[in-house]
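# Overview (structure and organization)
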Amino acid sequence: MNQNQLGLHLRVWLLPLMLTAVVTGCGGGRDPILGFDGSGTPGGAVVPVVPVVPVVPPPVVSTIPLGVAATFGTFGGSAGMTNQGVLTVINGDIGTTAVSTAVTGFHDPNPGCTYTETGSNIGLVTGTIYTAAPPPTVGCPTEGTAGTFAIATAARADALAAYNALVAQPGGPDPGAGNLANLVLTPGVYTAAAGTFMVQGGDLTLDAQGDANATWVFQMAQTLTVGGPGAAFPQNVVLVNGALAKNVFWQVGSAATLNAGGGGTVAGTIISQAGVSVSTPGNVAIVTIDGRLLSLGASVTMVNTVVNVSAP
């Protein structure tokens, strides 16, 4: 064996020994700081790897049936409802478990069925108005009867059942810290951490991502406010990529105030414990509701409002 061959032979033989010595000196296969095997060595600072987990709202557990309440554009609980302005149209039924005189500023197609309208307060109801007795006028014997009161009572019971079903949904995130403006939200349950939701300073967009059954539930222990800040600046709830108003639900623990300055479009079924107020007197710009305004207790008041009852 010549000198060159001997040198090559020694290098091939010594290389594994040298690598073993280096690895052993580094902690038996571990980096002394990070730890190649994830454990590190005593006295070394282990740097944890924190996974990034996206905020995904829990899905809605089940559909929310509305029962008899499904045909109602507005329901004034046990307190009635009031309209101001001449541009209000409710494309559906309205009702209350109160007497007929608790409904003011409306009429429906049935002959003589006018509920305390004046020249400046005229609201068309394309369906039927359901109240307790007495009839609103002597020329309207078919409303304000035991039969219309029974339907109103059933509608409130079904609205209450739907409200409780919304409350029972598992709580979800509050991505805007109470303000849903300028957000694009995928289907799921969203819960107001501080008890209130608002849409102020921008629109809320609900993206179904092509799923016609995509459903949103917004839970709040207290109030819902859409529009503003202040009495101006109407805001919208916008539906995109197949989102449907019938699949959007707002569970409001107290009262809802919608676009106090007039204008704007709000989508979904709002079920509140203590009333709904839409716009304010003197506003001409129409507020559009694609869905329903259902109050379990206090009245619903509206000014120049169009309600399009969404399909159940």
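So, a few notes on the structure that sits alongside this text.

Reading the values: the criteria
- Residues numbered from 1 in each chain as written.
- Predicted model: local features only at pLDDT ≥ 70, side-chain atom pairs only at ≥ 80, totals over all residues.
- Heavy atoms only, no water.
- Core = buried A, V, L, I, M, F, W, Y, C linked by side-chain atoms within 4.5 Å.
- Buried < 20%, exposed > 50% of the residue type's maximum accessible area, 1.4 Å probe, protein only.
- Contact = heavy atoms within 4.5 Å.
- Helix = DSSP H or I, 4+ residues; strand = E, 2+ residues; numbered from the N terminus.
- Pairing = 2+ DSSP bridges.
- Phe/Tyr/Trp six-rings, centres within 6.5 Å; stacked < 30°, edge-to-face > 60°.

Trp216, Phe218, Leu224, Trp250, Leu258, Ile270 and Leu293 are the most contacted members of the largest nonpolar core, which has 45 residues in total. If sequence neighbours within four positions are ignored, isoleucine 270 has contacts with Leu224, Trp250, Val252, Ala256, Leu258, Val276, Arg292, Leu293 and Leu294. One finds Ile64, Leu66, Ala155 and Val217 within the second-largest nonpolar core, a separate group that totals 20 residues.

Residue position: threonine 131 is located in strand S8 (residues 129–132). The residues contacting threonine 131, other than those within four sequence positions of it, are Thr96, Ala98, Val99, Ser100, Val103, Tyr115, Gly144, Thr145, Thr148 and Phe149.

As summarised here, the arrangement of the 3 strands in space is S9-S12-S15, forming an open sheet in which the pairing is parallel. Where the open sheet ends on each side, the last strands, each with one partner, are strand S9 (184–185) and strand S15 (237–240). By the bridge criterion, 4 bridges tie strand S12 (residues 204–207) to S15 in an arrangement that is parallel. Looking at the pairing, aspartate 207 lines up with valine 240 of S15.

Quick look at the packing of aromatic side chains now. Counted by the stated rule, this structure contains 5 aromatic pairs. Judged by centre distance (5.6 Å) and plane angle (80 degrees), the rings of phenylalanine 72 and phenylalanine 75 are edge-to-face. Classification of phenylalanine 72 by relative accessible area gives buried; the value is 1%. Pairing tyrosine 190 with phenylalanine 218 gives two aromatic rings, centres 5.6 Å apart and planes at 20 degrees, and the pair type is stacked.

Distances and angles like these do not, on their own, reveal function.
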